[in-house]
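The lines below spell out each chain.
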Amino acid sequence: MNDILTLEAIAAHLHTERLGHCGRILSATDSTNTQIKQHFSQQPEGFILLAEQQTGGRGRQGRTFVSPVGGLYLSLLLHPDLPFDKLSLLTPLAAVAVCEAVEQLCDLSPQIKWVNDVFLGNRKFCGILTESAFGQSVGKPDYSIVGIGVNLNFDRAAHPELAEIVGALSDAKSLLPTRAQLAATILNAFEPWYDQLLAGNGHELVEAYRRRLNCLHKPITVVCADTTYRAVCTGLTEEANLIVTDEHGQQSVLCSGEIRIRLE
Ligand code: BTN
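Residues numbered from 1 in each chain as written. Predicted model: local features only at pLDDT ≥ 70, side-chain atom pairs only at ≥ 80, totals over all residues. Heavy atoms only, no water.

### What about the sheet that holds strand S11 (residues 251-254)?
What links the strands of a sheet is backbone hydrogen bonding, and the strands pair in either a parallel or an antiparallel sense. Ordered by their spatial adjacency, five strands build an open sheet running S11-S10-S9-S8-S12, and the pairing between neighbours is antiparallel. What marks the edges here is a single partner per strand, and that holds for S11 and strand S12 (260-263). When strand polarity is set aside, the average angle formed by the axes of neighbouring strands in this sheet is 45°. Here strand S8 (residues 219-223) runs beside S12; their pairing, made up of four bridges, is antiparallel. The partner of Val223 across the bridge, within S12, is Arg260. (Pairing = 2+ DSSP bridges. Helix = DSSP H or I, 4+ residues; strand = E, 2+ residues; numbered from the N terminus. Axes fitted to C-alpha atoms, helices over the stretch in contact; angles between N-to-C directions.)

### Details of the site of the ligand
In the vicinity of the ligand, 20 residues are found, and the nearest of them are Ser31, Gln54, Arg58, Arg60 and Lys124. At a separation of 2.5 Å, an oxygen atom of the ligand approaches a polar side-chain atom of Lys124. Protein chains bury 98% of the 420 Å² of accessible surface belonging to the ligand in isolation. Elements represented by at least two residues in the shell around the ligand include exactly helix H2 (32-40), strand S3 (72-78), strand S6 (123-133) and strand S7 (143-150). Per-element accounting of the shell around the ligand gives the leading share, four residues, to S6. (Near = heavy atom within 4 Å. Polar contact = N/O pair within 3.5 Å; in protein donor to acceptor, adjacent residues only side chain to side chain. Areas by Shrake-Rupley, 256 points an atom, 1.4 Å probe, with all protein chains shown as cover.)

### Section: the state of the cysteines
For the structure shown, the criterion picks out zero disulfides. Here Cys215 stays free of any disulfide, with the sulfur of Cys233 as its closest cysteine sulfur at 3.7 Å. For Cys215, a relative accessible area of 0% puts it in the buried group. (Disulfide = S-S within 2.5 Å. Buried < 20%, exposed > 50% of the residue type's maximum accessible area, 1.4 Å probe, protein only.)

### Focus on the environment of Ala133
Its place among the elements puts Ala133 in strand S6. With a relative accessible area of 18%, Ala133 lands in the buried category. Each C-alpha atom of the pair Ala133 and Gly57 lies 19 Å from the other, and the pair is 76 residues apart in sequence. Residue contacts for Ala133: discarding those within four places in its chain leaves Pro141, Asp142 and Tyr143. (Contact = heavy atoms within 4.5 Å.)

### Some details on the environment of Leu93
As for its position among the elements, Leu93 is in helix H4 (residues 90-106). Its relative accessible area of 0% is what places Leu93 among the buried residues. C-alpha of Leu93 to C-alpha of Leu205: the two residues are 112 residues apart in sequence and 6.8 Å apart in space. If near-sequence neighbours (up to four positions away) are discounted, Leu93 is found in contact with Phe190, Trp193, Tyr194, Leu197 and Leu205.

What follows is the structure, encoded as structure tokens:
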């Protein structure tokens, strides 16, 4: 397949007003999120940085995101005028945008594992890492970077340690979109949700996230820094925090931070 990743190829599929019209594509880098932080944080909102491969791809909670050639590694720079409690919706927003793009291009129905992973069946094919910098601006971040990694293909033989958990679009589809098409379609889906969020309306976004959540009304294990307990996921707050009820009927609201959940 003719999968050449250029800004022109992305532009050919882009229908956004602001996102994705300027950027860079690198052949290899440590991490596109890190590179934006170090060199491009002054760029205008909508700047994108992509890489053919990452040698130090980063995930949440200090984890590594294995990023071989063939995947989509995209970081989007934003200067969001959003208070802290709404800023945490950027990751759910990106997850919804990835789902919508994959639904549209591949006719598949991905599901979201709270808070930042996107799954096909029981395998993760996409991870999202949102990072924000604070200091200069009052009540809002100086910038946020939404980093999205999507496995179009994944050579499990080359990574046996990930073979049970990592998936790819190619597991479910033989005819894949190009990375440029996928990047543009994600950005096309991202912008209208982002505009709604900036306008103070996150309700429909949280609904779109909730509809694709894979843990709702299911038994889960909650893993915190110092404790692990079993619970049932009973809902989602307006900030996309998870509402869980433990075995004693005690309800808690989980914010993503250091917590992760495991489906039983
Ligand atoms: C996770 O799985 O916890 C999140 C993975 C996020 C990976 C993307 S790929 C583009 C950007 N650059 C990075 O180093 N990470 C994100």
